[in-house]
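The chain contents come next:
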Amino acid sequence: MAGPSDQNTLERLNEVRAQIAVAADAARRTPDDIELVAVSKKFDADAITPLLAAGHRVFGENRVQEALDKWPALKRNWPDIELHLIGPLQTNKAKQAVGLFDCIETVDRPKLARTLASLRDSGLALPELMVQVNTGGEAQKAGIPPEEVDGFLDLCRGEHKLEISGLMCIPPIDEEPALHFALLEKIAKRNNLAKLSMGMSGDYQKAVALGATHIRLGTAVFGPRP
Ligand SMILES: *Cc1c(COP(=O)(O)O)cnc(C)c1O
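Residues numbered from 1 in each chain as written. Predicted model: local features only at pLDDT ≥ 70, side-chain atom pairs only at ≥ 80, totals over all residues. Heavy atoms only, no water.

J.: How should I be thinking about the overall build of the protein chain in this particular structure?
T.: On a plain count of helices and strands, the protein chain comes out with 9 helices and 8 strands. For the protein chain, the C-alpha radius of gyration of 17 Å lies close to 17 Å, the compact-globule estimate for 226 residues. Overall, the C-alpha framework of the protein chain stretches about 50 × 40 × 30 Å when taken along its three principal axes. Residue burial in the protein chain is summarised as follows: out of 226 residues, 49% are buried. Here the protein chain displays about 10800 Å² of accessible surface, and carbon together with sulfur accounts for 50% of that area. With 27 positive and 31 negative side-chain charges, the protein chain shows a spacing of 4 Å between the two charge centroids. (Helix = DSSP H or I, 4+ residues; strand = E, 2+ residues; numbered from the N terminus. Rg over C-alpha atoms; globule rule 2.2 N^0.38 Å. Buried < 20%, exposed > 50% of the residue type's maximum accessible area, 1.4 Å probe, protein only. Areas by Shrake-Rupley, 256 points an atom, 1.4 Å probe, with all protein chains shown as cover. Lys, Arg positive; Asp, Glu negative; His and termini not counted. Charge placed at Lys NZ, Arg CZ, Asp CG, Glu CD.)

Next up, the structure:
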């Protein structure tokens, strides 16, 4: 049953869509080229269902186990859901992740690339794959350092025959995100990658201005996380 907080979620979604349209227009882009990934981590099915009922289909989760608990049931009701993994993937969870997610945005090390390739070789269909770039070179953050991305992409595409669709980044919280978005765009362009997953609730307008094809919004859509 719809409650007042569902109404707020739909209002926030509409507000965000309006903001995306404004930012896209200013950058002479079409809003249709910007995918809103609604980041539903820590929200349960009751919070997610109103968005599905309203027609939204693209969601992001950062933990494999949490996603396995929530999404198989929702996917049975809405088979055209597109679920993105936006958090780190341990190789021992790779098989489950390949079975559930439609896009893994966080391919971030050779061992994971090798594991994904061997799952493909064993007959599994891989989801869309993106490479996470640690644009800020932060020790505690996942992702390939900027200066190693070209080599890592060669490894993925060459040796492992993995199809990589784009790049993803999470800028350091204390730095101007636009610098990181511009760096990600530059690395993607020189490697012929079309997709850019960048921009969160606090900075997605800047990401749209700098070419984001996927923006990952949690609090802007769902409100504060429980
Ligand atoms: C949680 C999360 C988001 C969404 O963050 P908000 O600030 O709530 O929009 C986006 N990307 C990643 C990788 C996340 O873990």
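J.: What is the right way to look at the nonpolar core in this model?
T.: A general feature of soluble globular proteins is that nonpolar side chains tend to end up buried together. Ranked by size, the top nonpolar core spans 63 residues in total, and within it Phe 59, Trp 71, Phe 101, Ile 104, Leu 167 and Ile 215 carry the most contacts. Among residues more than four places away in sequence, those in contact with Phe 101 are Glu 61, Val 64, Ala 67, Leu 83, His 84, Leu 85 and Pro 127. (Core = buried A, V, L, I, M, F, W, Y, C linked by side-chain atoms within 4.5 Å. Contact = heavy atoms within 4.5 Å.)

J.: Would you take a moment to explain the packing of aromatic side chains for this structure?
T.: For any pair of aromatic rings, geometry is given as the distance between the ring centres together with the angle between the planes. Going through the model one piece at a time under the given rule, you end up with 2 aromatic pairs. Ring centres 4.8 Å apart and planes at 20° place the aromatic pair Phe 43 and Phe 222 in the stacked group. In this pair, Phe 43 sits in the loop between strand S1 (35–39) and helix H2 (45–53) while Phe 222 sits in helix H9 (residues 219–222), placing the two residues 179 residues apart along the sequence. Taken as a pair, Phe 43 and Phe 222 share a single burial class, namely buried. (Phe/Tyr/Trp six-rings, centres within 6.5 Å; stacked < 30°, edge-to-face > 60°.)

J.: Just checking my understanding: could you explain the side chain of Lys 75 for this structure?
T.: With respect to the helices and strands, the residue Lys 75 is situated in helix H3 (residues 64–77). Excluding its chain neighbours within four sequence positions, the residues that come into contact with Lys 75 are Ile 81, Leu 83, Leu 100 and Asp 102.

J.: Which parts of the structure should I look at to understand the site of the ligand?
T.: Taken together, Val 39, Lys 41, Ile 86, Met 168, Ile 170, Met 200, Ser 201, Arg 216, Leu 217, Gly 218, Thr 219 and Arg 225 form the complete shell of residues around the ligand. In this structure, an oxygen atom belonging to the ligand sits 2.8 Å away from a side-chain N or O atom of Arg 225. Within the complex, 89% of the 390 Å² of free accessible area of the ligand lies under protein. Its residues placed into classes, the shell around the ligand shows 6 nonpolar, 3 polar and 3 charged. (Near = heavy atom within 4 Å. Polar contact = N/O pair within 3.5 Å; in protein donor to acceptor, adjacent residues only side chain to side chain. Nonpolar A, V, L, I, M, F, W, Y, C, P; charged D, E, K, R; others polar.)

J.: What am I meant to see in the pairing of strand S2 (residues 58–61) here?
T.: When a strand is regular, its side chains alternate between the sheet's two faces. Side-chain alternation along S2 places Val 58 and Gly 60 on one buried face and Phe 59 and Glu 61 on a second face that is also buried. Direction of pairing for S1 relative to S2: parallel, over a ladder of 2 bridges. The partner of Ala 38 across the bridge, within S2, is Phe 59. Between S1 and its parallel partner S2, the chain crosses via H2, and the hand of that crossover is right-handed. Following the chain from S2 across H3 to the adjacent parallel strand S3 (residues 82–85), one finds a crossover that is right-handed. (Pairing = 2+ DSSP bridges. Right-handed = clockwise from strand over helix to strand, strands pointing away.)

J.: Help me out: how do you make sense of the environment of Asp 150 in this one?
T.: Residue position: Asp 150 is located in helix H6 (residues 149–159). Its relative accessible area of 26% is what places Asp 150 among the partly exposed residues. Leaving out residues up to four positions away in the same chain, Asp 150 has contacts with Ile 187, Arg 190 and Asn 191.

J.: What am I meant to see in helix H5 (residues 110–121) here?
T.: Because an α-helix completes one turn every 3.6 residues, residues spaced three or four positions apart along the sequence face the same direction. Look at H5: 16 Å from first C-alpha to last across 12 residues, which is about the 16 Å you get at 1.5 Å a residue. Burial in H5 covers these residues: Leu 112, Ala 113, Thr 115, Leu 116, Ala 117 and Leu 119. Among the structural elements, helix H4 (94–100), strand S4 (103–107), strand S5 (128–133) and H6 are those in contact with the buried residues of H5. (Expected span 1.5 Å × (residues − 1).)

J.: Explain the pattern of salt bridges to me, please; I cannot follow it from the model alone.
T.: In a structure, side chains of opposite charge can pair up when their charged atoms sit close to one another. Inspection of the entire model under this criterion finds 11 salt bridges. We note a salt bridge from Asp 102 to Lys 75, for which the minimum N-O separation is 2.8 Å. Of this pair, Asp 102 sits in the loop between H4 and S4 while Lys 75 is found in helix H3, placing the two residues 27 residues apart along the sequence. For Asp 102, a relative accessible area of 29% corresponds to the partly exposed category. With relative accessibility at 18%, the residue Lys 75 sits in the buried group. Salt-bridge contacts for Asp 108 lead to Arg 109; the nearest nitrogen and oxygen are separated by 2.7 Å. (Salt bridge = Lys/Arg side-chain N within 4 Å of Asp/Glu carboxyl O.)

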